[in-house]
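Each chain, letter by letter, is given below.
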Amino acid sequence: MLAVLVLLAIASVWFTNNLLTQRFTETTRNRAELRLALYSGNLVSELRRNAIVPQLLARDPALIGALNSQDFTQSSQRLISFVDEIGAASLMLLDSEGRTVAATDRNRLGEGHRTTPYFVDALRSSTTVFTSQAREVGGFSFTYSRRIESGNDSIGVIVVEVDLAKFERAWAGISDAVMVTNSEGTIILATEPRWRGLTPDAALERQPADGAIERAIRATSDWTAQQADAYLQGEAVMQIEGRIPFRGWTLKTFTTYASIRERVNAALALEIMGFAILAALVFYALSRKTALRMALFQRESVELRALNRRLQREISEREKVQKNLAVAEQSLAQSSKLAALGEMSAAVSHELNQPLAAMKTYLAGARLLLRRNRPDEALSAFHRIDDLIERMGAITKQLKSYARKGQEALSPVDMGEALAGALSMMEPQLKSRRVRISRLLPDKPVRVMGDRMRIEQVLVNLLRNALDATKSVEDPQLDIILASGETATLSVRDNGHGIEDLNSLFEPFYTTKQPGDGVGLGLAISSGIVTDLGGRLTARNGENGGAVFEVQLPVLNETTQAAE
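Residues numbered from 1 in each chain as written. Predicted model: local features only at pLDDT ≥ 70, side-chain atom pairs only at ≥ 80, totals over all residues. Heavy atoms only, no water.

### Describing the overall build of the chain
Defined as follows: Secondary structure elements are taken from DSSP: a helix is a run of H or I of four residues or more, a strand is a run of E of two residues or more, and numbering for both begins at the N terminus. Throughout this description, buried means an accessible area under 20% of the type-specific maximum (1.4 Å probe, protein chains only), exposed means over 50%, and partly exposed covers the range between. Contact definition: two residues touch when any of their heavy atoms are within 4.5 Å. Accessible surface area values rest on a Shrake-Rupley calculation with a 1.4 Å probe, where residue burial reflects the displayed protein chains alone.
Along the chain, the regular secondary structure elements total 15 helices and 17 strands. Evaluated residue by residue, the chain yields a buried proportion of 40% over its 564 residues. Across the chain, the fraction of contacts at a sequence separation of at least 24, relative to all contacts at a separation of at least 6, is 62%. When the accessible surface of the chain is split by element, carbon and sulfur atoms take 53% of a total near 32,900 Å².

### Some details on the nonpolar core
Quick note on the threshold: Here, the term nonpolar core denotes a set of buried Ala, Val, Leu, Ile, Met, Phe, Trp, Tyr and Cys residues that are joined through side-chain atoms within 4.5 Å.
Leu91, Leu93, Phe142, Leu164, Trp171, Val180 and Trp249 are the most contacted members of the largest nonpolar core, which totals 52 residues. The greatest single-element share of this core, amounting to nine residues, is contributed by helix H1 (residues 2-51). Leave out the neighbours within four places in its chain, and Val180 touches Leu43, Trp171, Thr186, Ile187, Ile188, Leu189, Ile244, Trp249, Thr250 and Leu251. Counting residues in each nonpolar core, the second largest holds 46 residues, with Met359, Tyr362, Leu419 and Leu462 among its members.

### A few points about unusual backbone geometry
One non-glycine residue with positive phi stands out, namely Arg247, at about 55°. As for its placement among the helices and strands, Arg247 is situated in the loop between strand E9 (235-243) and strand E10 (250-256). Its identity as a non-glycine residue notwithstanding, Asn373 has a phi of 60°, on the positive side. Mapped onto the fold, Asn373 is located in the loop between helix H9 (258-371) and helix H10 (375-399).

### Some details on the sheet that holds strand E17 (residues 547-554)
Cut-off, in case you're wondering: In this analysis, strands are considered paired if DSSP registers two or more bridges between them. As a rule, the C-alpha atoms of each element are fitted with a line to give its axis, helices using only the stretch in contact, and angles between N-to-C directions run from 0 to 180 degrees.
Read from one edge of the open sheet, five strands run E12-E14-E15-E17-E16, paired in mixed fashion. Two strands lie at the open edges of the sheet, namely strand E12 (436-440) and strand E16 (536-541), each paired on one side alone. Recorded for the sheet is a direction-independent mean angle of 15° between the axes of neighbouring strands. Across six bridges, the pairing between E16 and E17 is antiparallel. Bridge pairing links Arg540 to Val548 in E17. Helix H11 (residues 415-425) rests against E12, strand E14 (477-484), strand E15 (487-494) and E17 of the sheet, and its axis sits at about 160° to E14. Running over the sheet, helix H14 (residues 522-532) touches E16 and E17 and is turned about 135° from E16.

### Some points on a nonpolar patch on the surface
Applied cut-off: Residues with no salt bridge and a relative accessible area higher than 30% make up the patches, which join like charges within 9 Å and nonpolar side chains (Val, Leu, Ile, Met, Phe, Trp, Tyr) within 5 Å. Within this document, salt bridges are pairs made up of a side-chain nitrogen of Lys or Arg and a carboxyl oxygen of Asp or Glu, the two lying within 4 Å of each other.
A surface patch of nonpolar side chains, about 440 Å² in accessible area, is lined by Met1, Leu2, Phe283 and Leu286. You can see Phe283 is positioned in helix H9.

### Remarks on the packing of helix H13 (residues 452-469) against H14
The cut-off we apply is this: We call a crossing left-handed when the near helix sits turned anticlockwise from the far one by less than a right angle, and right-handed when that turn is clockwise. When residue character is reported, Ala, Val, Leu, Ile, Met, Phe, Trp, Tyr, Cys and Pro are called nonpolar, Asp, Glu, Lys and Arg charged, and the others, Gly included, polar.
Contact geometry of H13 with H14 gives a least axis separation of 9 Å together with a crossing angle of 145°. As for the relative orientation of H13 and H14, their crossing is left-handed in sense. Touching Arg454, Gln457, Val458, Asn461, Leu462 and Asn465 of H13 are Gly522, Leu523, Ile525, Ser526, Ile529, Val530 and Asp532, all from H14. Of the residues that constitute the contact of H13 with H14, the class distribution is six nonpolar, five polar and two charged.

### A short note on the side chain of Asp60
By the secondary structure assignment, Asp60 is in the loop between helix H2 (53-57) and helix H3 (61-69). Here Asp60 is in contact with Arg78 and Phe82, once residues within four sequence places are set aside.

### Quick word on the pairing of E15
Side chains on a regular strand alternate between the two faces of the sheet. Most of E15 sits inside the fold, with six of its eight residues counted as buried. Pairing geometry for E14 and E15, over seven bridges, is antiparallel. Residue pairing in the sheet places Ile480 in a bridge with Val492 of E15. Hairpin geometry of E14 and E15 is characterised by an intervening segment of two residues between the two adjacent antiparallel strands. Where E15 meets E17, seven bridges bridge the pair, whose relative direction is antiparallel. Within E17, the position partnered with Thr489 by the bridge is Gln552.

### Observations concerning the packing of H11 against H13
How two helices pack is summed up by the angle between their axes together with the distance between the axes. Selection criterion: These descriptions rest on fixed angle ranges, namely under 35 degrees for roughly parallel, over 145 for roughly antiparallel, 65 to 115 for roughly perpendicular, and the rest for oblique.
Running from N to C, H11 and H13 cross one another at 55°; their axes reach a closest spacing of 9 Å. As summarised for this structure, H11 and H13 are arranged oblique, according to the angle between their axes. Note on packing geometry: the crossing formed by H11 with H13 is right-handed. Contacts from Met415, Glu417, Ala418, Leu419, Gly421, Ala422, Leu423 and Met425 of H11 reach H13 at Arg452, Ile455, Glu456, Leu459, Val460 and Leu463. For the contact of H11 with H13, the residue count by class is ten nonpolar, one polar and three charged.

### Considerations on the sheet that holds strand E2 (residues 100-103)
Sheet strands associate in pairs through backbone hydrogen bonding, adopting either a parallel or an antiparallel arrangement. If you trace the five strands from one edge of the open sheet to the other, you get E2-E1-E5-E4-E3, paired in antiparallel fashion. Edge positions in the sheet fall to E2 and strand E3 (129-134), since each has one partner strand and no second. Averaged over all adjacent pairs, the angle separating strand axes in this sheet is 25°, with direction ignored. Here strand E1 (residues 90-95) runs beside E2; their pairing, made up of three bridges, is antiparallel. Counterpart to Met92 in the pairing with E2 is Ala103.

### Observations regarding the pattern of salt bridges
Counted under the stated rule, the structure contains 19 salt bridges. Note that Arg436 and Asp475 form a salt bridge whose closest N and O atoms lie 3.8 Å from each other. Linking Arg436 in strand E12 with Asp475 in the loop between H13 and E14, this pair joins segments that are 39 residues apart in sequence. Judged by its relative accessible area of 47%, Arg436 falls in the partly exposed class. Residue Arg540 pairs with Glu550 through a salt bridge whose shortest N-O separation is 3.1 Å. Of this pair, Arg540 sits in strand E16 while Glu550 sits in strand E17, and the two are ten residues apart along the sequence. It is possible to trace a salt-bridge network through shared partners that takes in Arg108, Glu111, Arg135 and Glu161.

### Focus on the confidence of the model for the chain
Filter applied, for reference: A score between 0 and 100, pLDDT records how confident the predictor is in each residue.
For the chain, the average pLDDT comes to 79, and 83% of its residues sit at 70 or higher. No element of the chain has a lower mean pLDDT than helix H8 (residues 212-221), at 39, and none a higher one than E17, at 92. When the criterion is pLDDT under 50, residues 208-227 qualifies, and its contacts beyond four places in sequence or with other chains add up to 27 contacts. For the stretch residues 230-234, pLDDT sits under 50, and the model shows 26 contacts to residues farther than four places along the chain or on other chains.

Below is the structure:
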């Protein structure tokens, strides 16, 4: 018992460790991805909100008038009144020479920006220009600028500096490390100031992992650790990367595995404590076993007598129940046999009507040929009758599969040949009525893996139903289409009155024919045959009237043959 308990504890701890580590890692990763999406959305929202500001300020009459009159006494105050509502870091108004004539930061008045990208690109473009450039004091500045026009002349540039540094300040309060890179792979925003201007690989190299020996010692002591995506300050971290829908920017977050390990270790400690308590209880139970055994011996005789009486009553009741159960099983078996017998007799009657009708026609023809002294042709009719007798035997064998599923060996079947066989069997009915039949077959053979006899049985059922559906039509017509793609699809279309109840169509004993014409098993049996062969039988009403039945079976190609 102790050995089993120890093995159970080891297996349980190992399984719990793997399960909780995987679950907590997935939870942490999902939360990190959610935070990444939130940070990305905030950045894009801030950038898009500031993108419209230069277009609005470039049309401000007061700023245009100040540039034309060179009177900027009220311009700075006007920009200051705008900056609080906009939420931008700063606003600057530059004249045509690139000199700062108005700004929310008055210390920048008079600065020259003639060679800066946001001034040069704005004069060259008729739209708002976004620029990011490194500052001399560290970090990056992000600006939107737009040309201000009066008439057809450029008289200045309005510059809006976007305050993205506030996101860095917000990220400073979280445990994750965050970096934003531009389309060139340069870090432009980061929780670590020394990362700015570097590539992600160079930034991670500035904080290398511990030595190989130290990492091995740490992995041995902490056997719940996962494979790390990267290391920051010697700590294993999970790296999540996502694209920001703005100029090819990318956002990366680094989440530590420490919280995962703490949660896993806490759960493992509780589990080990539980096994320790269980072991203590086992020891206590073993120590009490001897004392309890003496007390049990004293009560054993009384309990055994009471148990003997109770067992005798239970045996008697069980014998009665078994007798009733045997009677019920016999009744149920008899009912099942009767139901199967009724189902098979109805199915056999339904399926053999067609061959019997054909045999009757061939016998009449043979009799006439014998009277005319044409025995060779009569012998051909007898051969056909012999084929029909073999087909009837095969049909009765296959019909048993409706009540009792049985799988026989399958072989490649040419759907074109199976269709020809079905039409040959239907030849007497087709000749007795003027039905126009159109066949559309592919040039190459379409082969499936199945039983030709059962496939022909399905096709005969569909053709017979199509003929019955066109009895009241003046110009009956059947369209048979065989197509090959991912599946072999054979469609049988008629121009009858269509299907009224599609939901009950494939149910056993459902029929729309007159009493004596059918029992409603043909489509149910056909659907079961197609399903056993790995395909499906569907029905629908055509767009121009009539019904459409489709048999879909897996195509037998070179790949399938190799697999077989």
